[in-house]
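Notes for the structure review
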Amino acid sequence: MKNFAYLLTLLLVCSFAFTSCDKDEPMIPNPEEVITTVIYNLTSTSGDVVVLSWQDLDGDTGGDDPVIVGGTLGANETYTGSIELLNESVTPTEDIGEEVAEEDDEHQLFFETNLPGITVTYDDADGDGNPVGLKTMLTTGDVGSGTITITLKHEPVKDASGVAEGDITNAEGSTDAEVTIPINVV
Amino acid sequence: MWYSRISISFILLIAFFTCDAQTCTFTVDGVVYDEASQSPLSYVNIYVQETQSGTTTDEEGNFMLENICPGEYHFILSHIGCEGKKFHIDIDQDTTIRLALSHTHTTLGTFTVEGKKEDFSKQGNVSVNRLTIEDNTNLNISGMLENESGIHLLKNGNGISKPVVHGLYGNRLLILNNGIAQSGQQWGNDHSPEIDPFSADKISVLKGASAIEYGGGNLGSVILSEPKKIEREPHLHGQVNYIFDTNGRGHTINARLEKYSSTIPWRLNGTLKKFGDKSSVDYFLNNTGLEEANLSLQLEKSWNENLFFDFYASTFNTSLGILRGSHIGNLTDLEAAINSEVPFNTEDNFSYDLEAPKQDVSHHFAKAKIKYFLKENQTFEFVLAGQLNDRKEFDIRRGERSEIPALSLRQYTTHLDFKYAHYINEDWVFKLGSQNVLTDNTNDPETGILPLIPDYRSLRNAVFSTVSGRVHKTALHFGLRYDYEYQNALTISSTLPREIIQFENRFNNVSALIAIKNKITKAHSISWKLGFATRNPAINELYSAGLHQGVSGIEEGNINLNTEKALKNTLEYIWLASSKFSINALAYFQRFNGYIFLEPQDEFRLTIRGAFPVFIYQQTDANIYGIDLSSQFTLSPSLVGVLKYSYLKGQERENDTPLVFMPPNSLFGSLTYRVQSNIKLSEGFRMEDSEIELTNRFVFEQTNILPEQDFIPPPDAYNLLGLKFSTNLILPKYKLRFFVKADNLLNAKYRDYLNRQRYFADDLGRSLSMGVNLKF
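Residues numbered from 1 in each chain as written. Chains lettered and ligands numbered in written order. Predicted model: local features only at pLDDT ≥ 70, side-chain atom pairs only at ≥ 80, totals over all residues.

**Quick word on unusual backbone geometry**
- A cis amide bond, omega -5°, links Thr91 of chain A with the succeeding residue Pro92 of chain A.
- Relative to the helices and strands, Pro92 of chain A is located in the loop between strand 5 (78–87) and strand 6 (94–95).
- Of note, the amide linkage connecting Ala356 of chain B to Pro357 of chain B takes the cis form, showing an omega dihedral of 0°.
- On the secondary structure map, Pro357 of chain B appears in the loop between helix 2 (331–339) and strand 23 (358–375).
- For Asn76 of chain A, which is not glycine, the phi torsion reads 50° and is therefore positive.
- Counting through the fold element by element, Asn76 of chain A comes out in the loop between strand 4 (71–73) and strand 5.
- For Asn76 of chain A, a count of 12 C-beta atoms within 10 Å puts it in the exposed group.
- One non-glycine residue with positive phi stands out, namely Asn744 of chain B, at about 50°.
- The residue Asn744 of chain B is located in the loop between strand 41 (735–743) and strand 42 (767–775) in this model.
- Looking at Asn744 of chain B, the number of C-beta atoms within 10 Å reads 22, which means it is buried. (Helix = DSSP H or I, 4+ residues; strand = E, 2+ residues; numbered from the N terminus. Buried ≥ 20, exposed ≤ 12 C-beta atoms within 10 Å, placed from the backbone.)

If you want it as C-alpha cells, here you go:
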C-alpha cells in the first residue's frame, strides 16, 4: 500500500512537474551457483601431472571468450583423474565440486573423447553404488591428438542403460557443464 | 437523461390504464431481440418463475402472457445459442417490454448503426458471453477465445497460454481488464494474462485498429474483459459453479454473490482451482498441474443524478507447473530431448505436486472511477488504478536452490485517466482524454542470477481525442492519439567487473484511426478501418540478456532498436441473408516498418554449459495479412450450425522470408441441437433447454516457414472433435445447470505449432469435464 501511495505521488509529480523520476540503482545479485571453471587434474603412475582446464569468468552472456588449456599425455599410460568445479566469479572462490559431492546421487560426470585409445573409468560411487565421476582412472593408447569432452549432468537417470558405464546417450537430465578440451597423446 | 446512464437491460413502456389490483387480468407482451445486432429473436423460451408458466416468441420475436396478477416477477429467457437471462419485473398494470439477449455466436453481433448511442469504439468483432464463460471456467482467459476466428493461442504446455489476434501478441496486443490496460510481464511468450475470466461477464475482441482511447503502443487489436453493471435486482442473487476435469483430475470451483443493495450495490466473485499432471495420449505430462485462487469485488454507487462511482478490486494468484522434460540444458540436450520418444523424466504416476520448473504469479488490481455529469450531455470521467504484478519463476537448480526463484520480478503500475465526453446531438459524440501511466519494475536479487529484464521505471503520458457520428446510414469514427514515453533502465554489465549501466530513453508515439461503417441494406453492411500506430521498443527488446531455459536459447536485447510503425487496413462485410443464415467476412492487411522480432543468429555461443543458440532482437519490414470468415446457419428451430475459418500469412518484405511464430490456418465447425420441448418433471420442477453440441477444430500445418527457421519442422495438421451435452433443471427458487463435455474425443495424438512444449511432448489426450452450476 505504501509503495502504491509513493508511486502515485511519483506519477503525479513526474507527469505534471517533469522532475526526475529515475529508478534507484539495483543490487547486483551474487551468482553463487555459476560454474566458471572446470579443471581435470591427471596424475600418471610415474607422478607426471597434467592439468586440463576450461574457464569463463563472465558467464553465459559475457562478452569475453573462454580460456581453454589443453594438455599432453603419454601413450599407453594410466592416470588418476580428479575433477575440480569452481565458481571464480565470487570472492572467495566457491567450490562447486563440494556441492556436487554432497548431492552425488543427483549428479554424474561423463567423459567422451574422439581419440580411440583413451578410456575413462569411474573411481567413485554415490550412496546407491552408482558412479559420480569426480574421481576417475584414465588410460591412454596410441599416439594421436583430439579432444576430451567433460559433461556434468544434473538429475540424470543413473539406472538407464549404459549410464553407469559412462555412456551419456540415455542419461537425460539437464547439463550443468559441458566443456571440450584439446589433448595430445605422444 | 436521454441515454442509458446505467445500463438498464429492459425498457418499460407502460400503458396507462387503471384496473382492480386484485384481479389477475394483466397482459404482458413485448419483443425479445439480440443485444448486438438489434434483430428480433424467434423461438425464445420465456418462463415466469413465480407462476411456473411460460411461452415462446414467434417468428418476429413477439410474445404475450395473459392473466397475470399484480406483483413482482422474475422472467427467465433462454434461446438456442444464447446466454439465458433473468429479468426482475414489477407488474401492476398491462405492460409492454423489450428484452435483450446476448448471443453466444458472434456472427450476428457486430453491426449496429441503427442502435444510436452505443459506444462505437467498443464494438467487438468477437465476444464470449457469460454462459460460455461459466461453462469454461476450468480454462484460463485465453482458452475461452480459442475457437474464434482470427484468434490463436501461444502456449507453453497447457496451463500457460496467451492470446494471439491476427498474428500479434504480447507487447503488441492490448488486454483491457475493466477498462485498464492489464500490466504485467507481457513480454514473455510463456506468461499468461493474469485475469480470472469468471469475474468477467463478457470477453470481447476488437480486431483492427480501434483502441485510441485505451492505450498507445498496441498495433491493432484489443481484448476486453468486462464485468457487467450490477443488475438492478433488490434481492441477493448468486451462483456456485463446479467443474471436474478427468485430464489432470482438475477441480474448479467458482462462486458469485451480488445484490443491488440500496446503500451500496455490490458483487463478489471467487475462484479456486487445482489440477494435477495432465496427460497426453501415451504418457503423463509430469509437473503440469496448477493451483489458482482469485477474488474480486465490484461496487457501484451514485449519490445523486450527476455523480457515479465505480470500484473494482481483484487478486489473482496462481502457481503453474511446467513440464519437467522441457527444462533442459544446452543444444546437445535439446537435440536429445527432441529425439526422445517420451519426454525426459516422465514418470508413471499421476501427481498433484508442483515442483520446479514452475511459475508463482500474483496480480493485484484496484480501480476507482468517478463519472460526473457536467450537463445532461456532457460527462467527465476520472479513473485511478493500481496494479501489482509479482512473478517468480523457479528452475531446477543445484544445492537446494530450486526453492529460490531464478527470476523474481515485482512490477507496480499506476494509471491516471481523465476523459471528457460531449454528446453533441443525437448523432455526434466528441471525446477528449488523457492518460498517465507509471511502471516500476524491480528484480529481487534473491535469485543469485543476473536478471533477464533489467530494473526500470517508465512513464507514459498520453492525450487523445475521438469523434464519432452518423450521416444517414453511415457511421464514422476518427481518432488521434499522442503518447510520450520516458524509460529509465538500469542494466548490469555482461563483462567483469560487474557495473550498473544507466539508460534513458524518450519516445514519441502517434496513433490515428479512421473507421467507416455503412449499412447498405438491412441485410448487407460493410465497414472499413484504417489505423496507423507507432510502438517504441519495449524494455525486453532493448535490454534483455540471458538464458531462456525453456527454449535453451540466449536472448539478447538490442539498444539500437527504433520505433516500430504499423498501418492496418481492415475490411469487414456482414451479410444477414435471413434470420436463418448469416456470413461475416473480415480481411486485414497490416504493413510494418521496423517490425521487431527475435532473430536466430548463425553462430552458437560457447558457454561452460556447452553451445547455445543466440537470438537477438532485430528489425525488419514485414506484412501480416489474412482473412477471418464465420457463418451461422439455422437449419431448423432446434438445429444451429456455425463455421469459422482463419487464414493468416506473415512475411518479411525485404527477403520475402516468412515470419516465425505465426498462427497456422484453422477451421472450426459446430452443430448445436436443442431439445425444443421442456420436460415437466413434477410440480415446479422442469428440465429445459437441453442441448447437444458437436464441435470440430481442424488446424492446418504451418507450411509458411523455412527449415532453417526452427529446430524441427512444424507439426502436422490435426483435428479435434468435441461433444457437449447440457441441460437445465428449473426448481421453484433455483436453476441448476449440468453439462458433460468431451474434448479431443477421439484421443488424437497431436502437437501444436504455437505450443512451445511441442519440442518435447505431445499435446493433451482426451479429456472429459463435468460441470454443475447453481443459480439462485
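**Details of the pairing of strand 14 (residues 202–206) of chain B**
All names here are of chain B.
- In terms of burial, strand 14 is largely enclosed, as four of its five residues are buried.
- Both strand 9 (residues 126–128) and strand 14 contribute to a ladder of three bridges, which runs antiparallel. Looking across to strand 14, one finds that Val126 is bridged to Val205. (Pairing = 2+ DSSP bridges.)

**Here we look at the sheet that holds strand 4 (residues 53–56) of chain B**
Residue and element names in this part refer to chain B.
- Overall, antiparallel pairing links the four strands, which are arranged 4-3-6-7 in an open sheet. The open sheet has two edge strands, strand 4 and strand 7 (85–91), and neither has a second partner. Across the sheet, the axes of successive neighbouring strands diverge by a mean angle of 25°, strand direction being ignored.
- Bridge count for strand 3 (residues 45–48) against strand 4 is four bridges, and the pairing is antiparallel. Note on strand 4: the bridge partner recorded for Ile46 is Thr55. (Axes fitted to C-alpha atoms, helices over the stretch in contact; angles between N-to-C directions.)

**Quick notes on the environment of Leu11 of chain A**
- Mapped onto the elements of the fold, Leu11 of chain A is located in helix 1 (residues 2–17).
- Separated by ten residues in sequence, Leu11 of chain A and Cys21 of chain A place their C-alpha atoms 8.6 Å apart.
- When near neighbours in sequence (up to four residues on either side) are disregarded, Leu11 of chain A contacts Thr414, Leu416, Asn436 and Leu438 of chain B. (Contact = placed C-beta atoms within 7 Å.)

**A word on the interface of chain B and chain A**
- Contacts between chain B and chain A engage 48 residues on the former and 44 residues on the latter.
- Considering each element in turn, the side of chain B that touches chain A owes the most residues, five residues, to strand 27 (residues 455–471) of chain B.
- Residue classes in the side of chain B that touches chain A are distributed as 20 nonpolar, 19 polar and nine charged. (Nonpolar A, V, L, I, M, F, W, Y, C, P; charged D, E, K, R; others polar.)

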